[in-house]
Structures are given as C-alpha cells and as structure tokens.
Amino acid sequence: MHWTTDQSAPSVGQVVITKTRSPIRSNVGLKAVMAVTGILLALFLIAHMLGNLKVFTGETSFDHYAHWLRDIGTPLLPSTWYLWIQRTVLTVAVLAHIAAATVLALRARAARPVRYAHRKKVQGSYAARTMRWGGVIILLFVIYHILDLTTGHLNPQGDVSNPYGNVVADFAPERWYVTLFYTLAIVALGFHLRHGAFSAFRSLGQQSPKGELRARTAALVFAVVLCAGYLVVPFAVLTGLVS
Ligand code: HEM
C-alpha cells in the first residue's frame, strides 16, 4: 500500500490503490528494451553483411553458405529449426524496438509543456525525426527484401536453391533502379545505426566532451563500415565484377 505526501494518510480500514508502473514500462526500462533489441539487430546485421561478402568467393561457395544457414544447429536441432528460432527472435526484437520507440516518443510529446502554435513546427528534434523516418524506410525495405531475396517472389530469377543467381539477377545493370533503391535504404540504415550506436556508446563510455567525441567517432566508423560492406555487393554486380 502506497500514498504520497500530497495525499492524506488513509484512515483505518480504508484501502488505497495506486497504479505503479512496472520497471520495464518506465522510460529507463523502455530505453533498455531499445538498447537490447538494437544490439541484437546490429549483431544480425554484422553477421549478414559478412555472409553477403561470400559472394566474392564464387557461386558454389555462396550457395553452399546459404544452404548451411538452414542446417545450423543440426543434428541437435532438426534442419531449419535454428533459422526459425532466429527469425522469431528478430521479429520480436523489431516489434519491441518499434513499440518502445513509439511509447517513448508519445511520452516525450505529452510532456511538452506548451503545444506549438504552427503545424510546421510540430516535428521534434532532427535526430528524432531522422530515426522515425529512417526506421519506417528500413522496415519497408526489409519487407521488400525478404520478398526479393528470401522467398524470391519479387526477384527476376526467384530460385530459392540458387541465392547467388538471385543476387546477380537482382542487381543486373539494366535493373539499376533496384541498386538505387537498395543504396537509399542502406544509407538510411547507416544514419539510423550511427545515431543508435552513438547513444549506446555514449551511455557506456566516459561522460565528458572527450568521451562524447570518441562515441561519435566510433559510431560513425561502425555505420560507414557496415554500409560499405552491404553496398559493395550490388555495386560489384552492377559493374560486372560479380556475374
Ligand atoms: C545489398 C545488401 C544485401 C544483400 C546482397 C542481401 C542478401 C540477402 C540474401 C541473398 C538473402 C537470402 C538468404 C537465404 O535465404 O539464403 C537475404 C535475407 C535477408 N536479409 Fe539481406 N541482404 C542485404 C541487405 C540487408 C539489409 C540491409 C538487411 C536489414 C536491414 C537485410 C535483412 C535480411 C533479412 C531479415 C533476411 C531474411 C533472413 C532469413 O531468411 O531469415 N538484408 N539477404
């Protein structure tokens, strides 16, 4: 039973029920949800980027790698079980990341003391807007990308047993607009990662101007390396380096 100083103490026999927020729903709890899910998603992005670079080792090797992905965990787990566990974890992480971001943004808006008079100004900070719209672009990209390179429905070859062929068909020079779309999405991902990584590194590192500069630099390097690692594949196909 709780009562605060501005409430009078309950008289004998009177029950006071106050709503206490569970720790995970506090702002700090939601930021922790964003950080943990963000780290999980970033780990996937690093692994996926390294896997994609195997395209430079040739068709047999890349397709072998893609088939191996379905067999991770065997014989302990039946084939594709690990992949489905990973897909479930990533989907839950994406949903939790979006839900926590939405609640935090709504709370920040509700906490604003005076509403802005003009519609033009109801925008929030530059970083908040970049993160929100960047997040929406990345989500739309991932949906398209799965229909393109995982299920093959939007791929010109669409042969699930030959991912190398799908990648080469996808980024062929005459389909330059696909490479352009991937580039825009990956650059949006880069900005999103830079801000996310900066927030994480700043919380973990020294709380000083020097610490902040280090966090900013590390986040920039991380985002640029990841973007370059992803972009090199479509551009290698576009320029005929991979065919
Ligand atoms: C140009 C860059 C990229 C290339 C060439 C690429 C390539 C591929 C390929 C070939 C697959 C199918 C793998 C398979 O089924 O064997 C795949 C799946 C996937 N990719 Fe990418 N990818 C790129 C960028 C990205 C980015 C930036 C993201 C996330 C933001 C992403 C997220 C995914 C996801 C979630 C899957 C489905 C994995 C699964 O089947 O569970 N990819 N990608």
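Scroll up to find the structure this text is about.
Below is a summary of the structure that appears in this document.

Each value, and the rule that gives it
- Residues numbered from 1 in each chain as written.
- Predicted model: local features only at pLDDT ≥ 70, side-chain atom pairs only at ≥ 80, totals over all residues.
- Heavy atoms only, no water.
- Helix = DSSP H or I, 4+ residues; strand = E, 2+ residues; numbered from the N terminus.
- Contact = heavy atoms within 4.5 Å.
- Areas by Shrake-Rupley, 256 points an atom, 1.4 Å probe, with all protein chains shown as cover.
- Expected span 1.5 Å × (residues − 1).
- Buried < 20%, exposed > 50% of the residue type's maximum accessible area, 1.4 Å probe, protein only.
- Donors = N, O, S within 2.8 Å, 3.2 Å for Na, K, Ca; no water.
- Tetrahedral: all angles 85-135°; square planar, octahedral: opposite > 155°, others 65-115°.
- Near = heavy atom within 4 Å.
- Polar contact = N/O pair within 3.5 Å; in protein donor to acceptor, adjacent residues only side chain to side chain.
- Nonpolar A, V, L, I, M, F, W, Y, C, P; charged D, E, K, R; others polar.
- Salt bridge = Lys/Arg side-chain N within 4 Å of Asp/Glu carboxyl O.
- Axes fitted to C-alpha atoms, helices over the stretch in contact; angles between N-to-C directions.
- Parallel < 35°, antiparallel > 145°, perpendicular 65-115°, else oblique.
- Left-handed = near helix turned anticlockwise from the far one by under 90°.
- Patch = residues over 30% accessible without salt bridge, like charges linked within 9 Å, V, L, I, M, F, W, Y side chains within 5 Å.

### With respect to the overall build of the chain
- When its secondary structure is counted, the chain shows seven helices and zero strands.
- The linear arrangement of helices and strands in the chain, starting from the amino end, is α-α-α-α-α-α-α.
- Pairs at least 24 residues apart make up 61% of the contacts formed inside the chain by residues separated by at least 6 positions.
- With the model as given, the accessible surface of the chain reaches about 16,100 Å², and the carbon-plus-sulfur share is 69%.

### Remarks on helix α3 (residues 81-111)
- Compared with the 45 Å implied by 1.5 Å per residue over 31 residues, the 45 Å span of α3 between its first and last C-alpha is a close match.
- Along α3, the residues classified as buried are Leu83, Leu90, Ala93, His97, Ala100 and Leu104.

### So, the coordination of the iron atom of the ligand
- Donor atoms from the polypeptide that coordinate the iron atom of the ligand comprise His48 (NE2) and His145 (NE2), at 1.9 to 2.0 Å from the metal.
- Each of the six donor atoms bound to the iron atom of the ligand contributes to angles spanning 87 to 179°, and the resulting shape is octahedral. Taken together, the residues His48 in helix α1 (residues 27-52) and His145 in helix α4 (residues 126-150) connect sequence positions 97 residues apart.
- The exposure class assigned to His48 is partly exposed, which follows from its relative accessible area of 24%.

### Considering the site of the ligand
- His48, Asn52, Arg70, Arg87 and His145 are the nearest of the 19 residues found near the ligand.
- In this structure, an oxygen atom belonging to the ligand sits 2.8 Å away from a side-chain N or O atom of Arg70.
- Arg87 places a side-chain nitrogen or oxygen 2.7 Å from an oxygen atom of the ligand.
- Residue assignment for the shell around the ligand shows that the elements contributing at least two residues are α1, α2 (59-71), α4, α6 (176-204) and α7 (209-238).
- Element by element, the count of residues in the shell around the ligand is highest for α4, at five residues.
- Of the residues contributing to the shell around the ligand, the split by class is 13 nonpolar, four polar and two charged.

### Digging into the pattern of salt bridges
- This structure, assessed with the given rule, holds two salt bridges.
- Residue Asp170 is joined to Arg175 by a salt bridge in which the shortest nitrogen-to-oxygen separation is 2.9 Å.
- For Arg175, a relative accessible area of 16% translates into the label buried.

### With respect to the packing of α6 against α7
- Direction vectors running N to C along α6 and α7 enclose 160°, while the axes themselves pass 8 Å from each other. Between α6 and α7, the angle falls in the class roughly antiparallel. Relative to α7, the crossing made by α6 is right-handed.
- Partitioning the contact of α6 with α7 into residue classes produces 20 nonpolar, three polar and four charged.

### As for a nonpolar patch on the surface
- There is a patch of nonpolar side chains on the surface, built from Ile98, Trp133, Val136, Leu139, Leu140, Ile143, Leu147 and Leu154 and spanning about 720 Å² of accessible area.
- A total of six residues in the nonpolar patch trace back to one element, the largest contributor, which is α4.
- Its location among the elements puts Ile98 in helix α3.
- By relative accessible area, which is 36% here, Ile98 ends up partly exposed.

### Some details on the environment of Val225
- Tracing the sequence through the fold places Val225 in helix α7.
- Along the backbone, Val225 and Gly190 are 35 residues apart, and their C-alpha atoms lie at a distance of 9.2 Å.

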